[in-house]
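Here is what each chain is made of, one letter per residue.
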Amino acid sequence: MDWSFQLYSARNFQPWSGVLKTLAELGYRHVEGFGGVYDDPAGLRAELDQNGLTMPSGHFSIDMLENDFDGAVALAQTLGMDIMACPYLIADQRPSDAAGWQAFGRRLGAVGKKATKAGFQFAWHNHDFEFAPLADGSIPQQHILDAAPDIGWEMDVAWVIRGGADPYEWIDRYASRIVAVHVKDIAPNGEAADEDGWADVGHGTAGWRNLMAALRSKTKATVYAMEHDNPSDFRRFAKRSIDAAKTF
């Protein structure tokens, strides 16, 4: 498998030219973009090409997608993306009831229609807050996906687990919607406090061998992006993770 790497994981280990060179040397073939790397898209594309890397997917804020969609498309086209993903909703913008989350899903659905017309797949990327039950017991993530039946899902499995949900149930329920996956691992309780409780992939508690078997057999995901939200050493994370992933 040609693994991808979410560049957010290396944001504290500049310059990007060194990061890309390291990732290519370690065997990565793809990277995933985020807002912090889009300042010079043509220059970034040249660096990717130089290192034999591609960027099939990238994250774009809901603000950019709704207010500067043409700019987002220009970035995605320059960088050679196939998938545009919306990664987050800041806390003070999150709805508090089912109707609010359904409305947010419809907003994503509207973006998705424009993305499809422009030649891209569009996906929502989850964190943990979408799995916190509302007052009526319903789950925001279900409202989002059900209100926007044509968009994909970039499943961040570790955040599903941290949100208290069973990833296998969600894979089964929405397998046809999963177009990309964040491959991230969780440290045992009390460990890696300096890294926000995350672990190198294959060295934590998530059980990635079985998760990969389920994802490969049930979904048509084309991107599997390694991620660690706060590694103390990005090269260590990148190397140990891709080495472990070869055994999945």
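Up top is the structure.
In this text, all values refer to a predicted model and were calculated from it rather than measured experimentally.

Quick one: what's the story with the layout of surface pockets, residue by residue and with numbers?
Of the pockets and cavities examined, the largest pocket occupies roughly 200 Å³. In this structure, the largest pocket is lined by 13 residues; those nearest its centre are Y8, H59, P87, H127 and E227. Of the residues contributing to the lining of the largest pocket, the split by class is five nonpolar, five polar and three charged. Estimates place the volume of the second largest pocket at around 150 Å³. The wall of the second largest pocket is formed by F34, G35, H59, F60, S61, I62, D63, P87, Y88, L89, I90 and Q93. Class assignment for the residues of the lining of the second largest pocket results in seven nonpolar, four polar and one charged.

Break down helix α5 (residues 98–117) for me, citing the residues and quoting the values.
Over its 20 residues, α5 extends 29 Å from the first C-alpha to the last, a length consistent with the 28 Å expected when each residue adds 1.5 Å. Looking at the packing, one finds that the buried side of α5 touches α3 (62–67), α4 (69–79), β4 (83–86), β5 (121–125) and α6 (140–147). Just downstream of α5, G119 is the residue with a positive phi angle, here 95°.

Residue-level account of the pattern of salt bridges, with values.
Taken as a whole and judged by the stated rule, the model has 12 salt bridges. Residue D200 pairs with R240 through a salt bridge whose shortest N-O separation is 2.9 Å. Within this pair, whereas D200 is found in the loop between β9 (198–199) and α9 (208–218), its partner R240 is found in helix α10 (residues 234–245), the two being separated by 40 residues in sequence. Residue classification places D200 among the buried positions, given a relative accessible area of 3%. Residue class for R240 comes out partly exposed when judged on its relative accessible area of 37%. Measuring nitrogen to oxygen at the nearest pair gives 2.6 Å for the salt bridge that ties K239 to D243. One end of the pair is K239 and the other is D243, both in helix α10 and four residues apart, which spans about a single turn. Taking relative accessible area as the criterion, K239 reaches 35% and is therefore assigned partly exposed.

A description of the sheet that holds strand β3 (residues 54–59) should follow, citing residues and the corresponding values.
Strand order in the open sheet formed by eight strands is β1-β10-β7-β6-β5-β4-β3-β2, with parallel pairing between adjacent strands. Here the strands that pair on one side only, and so sit at the sheet edges, are β1 (4–5) and β2 (30–33). Where α5 meets the sheet, its contacts fall on β4 and β5, and the angle it forms with β5 comes to roughly 155°.

Describe the packing of aromatic side chains, naming the residues involved and giving the relevant values.
Where two aromatic rings form a pair, the distance of their centres and the angle of their planes describe that pair. A complete count under the given rule lists 17 aromatic pairs for this structure. With a centroid separation of 5.8 Å and an interplanar angle of 50°, the aromatic rings of F5 and F237 are classed as tilted. Residue F5 is located in strand β1, and its partner F237 is located in helix α10; the two are separated by 232 residues in the primary sequence. For F237, a relative accessible area of 0% corresponds to the buried category. Summarising the aromatic geometry, the rings of W101 and F104 are spaced 6.0 Å apart at their centres and angled 85° between planes, so their arrangement reads as edge-to-face. In this pair, W101 and F104 both sit in helix α5, three residues apart, roughly one turn of the helix. There is no split in this pair, since W101 and F104 are both buried.

Definitions and limits used
- Residues numbered from 1 in each chain as written.
- Predicted model: local features only at pLDDT ≥ 70, side-chain atom pairs only at ≥ 80, totals over all residues.
- Heavy atoms only, no water.
- 1 Å grid on protein atoms, 1.4 Å probe; cavity = no way out; pocket = protein on both sides within 12 Å on 5 of 7 lines; lining within 4 Å.
- Points joined across faces, edges and corners; volume = space filled by probe spheres on them.
- Nonpolar A, V, L, I, M, F, W, Y, C, P; charged D, E, K, R; others polar.
- Helix = DSSP H or I, 4+ residues; strand = E, 2+ residues; numbered from the N terminus.
- Expected span 1.5 Å × (residues − 1).
- Contact = heavy atoms within 4.5 Å.
- Salt bridge = Lys/Arg side-chain N within 4 Å of Asp/Glu carboxyl O.
- Buried < 20%, exposed > 50% of the residue type's maximum accessible area, 1.4 Å probe, protein only.
- Pairing = 2+ DSSP bridges.
- Axes fitted to C-alpha atoms, helices over the stretch in contact; angles between N-to-C directions.
- Phe/Tyr/Trp six-rings, centres within 6.5 Å; stacked < 30°, edge-to-face > 60°.

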